[in-house]
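Observations on the three-dimensional arrangement
Residue strings, one per chain:
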Amino acid sequence: MFSRFFSKQRLHIFAPVDGEVLSLDDVPDPVFSQRMLGDGVAIMPSGGNILAPCSGSIIHLANTKHAIGLRTDDNTELLIHVGLETVSLGGQGFTACVKAGDKVEKGQLLLKVDWDFLQENAASLVTPLVITNSAEKTVQLEQVQHCEQGKTVLMTSFSK
């Protein structure tokens with residue numbers, strides 16, 4: 001009976017795309033490397049589309065489709081930012097498969113991405129995945145170098 005008061009619910013956050021896992025320290029954008037938006041990881045994608053890293057609700061889809069926000073049932077808020085300086089592409093290279101307000105399940109297709117187009121037109125393909133309310137959470141980053149979308153746990157979050 002008392003165990004529910006002492007155990008913390010853990011949220012496993014899976015890779016939204018295949019690729020090489022990078023520290024946010026290595027992201028060539030101070031907004032991410034200085035963790036201004038929160039703690040997390042980044043991925044250098046090797047292909048594939050963007051899948052939901054966990055179940056939740058879409059709370060934001062940028063007009064330019066380069067960034068998507070998700071809130072889980074435990075109020076963890078995630079941001080997936082596909083590439084760097086991709087806002088300037090005006091939505092080219094992206095096809096949204098969800099909209100704000102949609103409920104999604106882990107592994108559900110969120111965005112279709114034309115990586116070849118981004119490779120030619122974006123500053124970088126590096127894709128940060130951050131917990132934007134990480135100040136309210138304890139975030140445990142997993143020590144992995146490569147990830148497979150929907151299968152590799154990148155981080156675990158639980159309330160402080």
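Since we're looking at a predicted model, the values are computed, not measured. Every residue gets a number counted from 1 within its own chain, in the order that chain's sequence is written. In keeping with the model being predicted, local features are shown solely for residues with a pLDDT of at least 70 and side-chain atom pairs are shown and tallied solely at 80 or more, while totals for entire chains, interfaces and linings include all residues. Remark: hydrogens and water are excluded; side-chain values derive from all non-hydrogen atoms of the structure.

1. Things to note about the sheet that holds strand 4 (residues 50-51)
Inclusion rule: Only strands joined by at least two bridges in the DSSP assignment are considered to pair. Only DSSP runs of H or I reaching four residues or more are called helices, and only runs of E reaching two or more are called strands; each is numbered from the N terminus.
In spatial order, the strands read 4-10-8; together these 3 strands make up an open sheet with antiparallel pairing. Two strands close off the open sheet at either side, each with one partner strand: strand 4 and strand 8 (94-96). Where strand 4 and strand 10 (residues 109-113) come together, 2 bridges link them in antiparallel fashion. Bridging across to strand 10, Ile50 finds its partner in Leu111.

2. Overview of the packing of aromatic side chains
Under the convention used in this document: Pairing of aromatic side chains here covers Phe, Tyr and the six-membered ring of Trp, requires ring centres within 6.5 Å, and sorts the geometry by plane angle: under 30 degrees stacked, over 60 edge-to-face, intermediate tilted. By the criterion adopted, a ring carries a charge over it if an Arg CZ or a Lys NZ lies within 6 Å of its centre and within 35 degrees of its normal.
The final tally for this structure, using the stated rule, is 0 aromatic pairs. The ring centre of Phe158 lies 4.4 Å from the NZ or CZ of Arg10, which sits over that ring. A cation over an aromatic ring shows up here: Lys106 above the ring of Phe14, its NZ or CZ 4.4 Å from the ring centre.

3. What about unusual backbone geometry?
Under the convention used in this document: When accessible area is computed with a 1.4 Å probe and restricted to protein chains, residues below 20% of their type maximum are described as buried, those above 50% as exposed, and intermediate ones as partly exposed.
The phi torsion at Arg35 lies on the positive side, around 55 degrees, for a residue other than glycine. Tracing the backbone shows Arg35 in the loop between helix 2 (30-33) and strand 3 (39-47). Although it is not a glycine, Glu85 adopts a positive phi angle of roughly 60 degrees. Accessibility expressed as a relative area gives 56% for Glu85, which makes it exposed.

4. Overview of the sheet that holds strand 12 (residues 137-141)
Filter applied, for reference: For every element, the axis is a line fit to its C-alpha atoms; helices are fit only across the contacting stretch, and the angle between N-to-C directions ranges from 0 to 180 degrees.
Strand order in the open sheet formed by 3 strands is 1-14-12, with antiparallel pairing between adjacent strands. Two strands close off the open sheet at either side, each with one partner strand: strand 1 (11-14) and strand 12. Ignoring which end each strand starts from, the neighbouring axes of this sheet average 25 degrees apart.

5. Section: the confidence of the model for the chain
The following threshold applies: Every residue gets a pLDDT, meaning the predictor's confidence in that residue, from 0 to 100. In this description, contact between two residues means that some pair of their heavy atoms is separated by no more than 4.5 Å.
Averaged over all residues, the pLDDT of the chain equals 94, while 95% of them reach at least 70. Counted against residues more than four places away or in other chains, residues 1-6, with its pLDDT under 50, gives 0 contacts.

6. Brief notes about the pattern of salt bridges
Applicable threshold: A pairing counts as a salt bridge when a side-chain nitrogen of Lys or Arg comes within 4 Å of a carboxyl oxygen of Asp or Glu.
As enumerated under the stated definition, the model contains 5 salt bridges in all. We note a salt bridge from Arg35 to Asp25, for which the minimum N-O separation is 2.7 Å. Here the residue Arg35 occupies a position in the loop between helix 2 and strand 3, and Asp25 occupies one in the loop between strand 2 (18-23) and helix 2, the gap between them amounting to 10 residues. Take Arg35: its relative accessible area is 28%, and that puts it in the partly exposed class. Asp25 sits in the exposed class, given a relative accessible area of 51%. Where Glu148 meets Lys151, a salt bridge forms, and the shortest distance between an N and an O atom there is 3.4 Å. Through salt bridges that share partners, Asp25, Arg35 and Asp39 make up one connected network.

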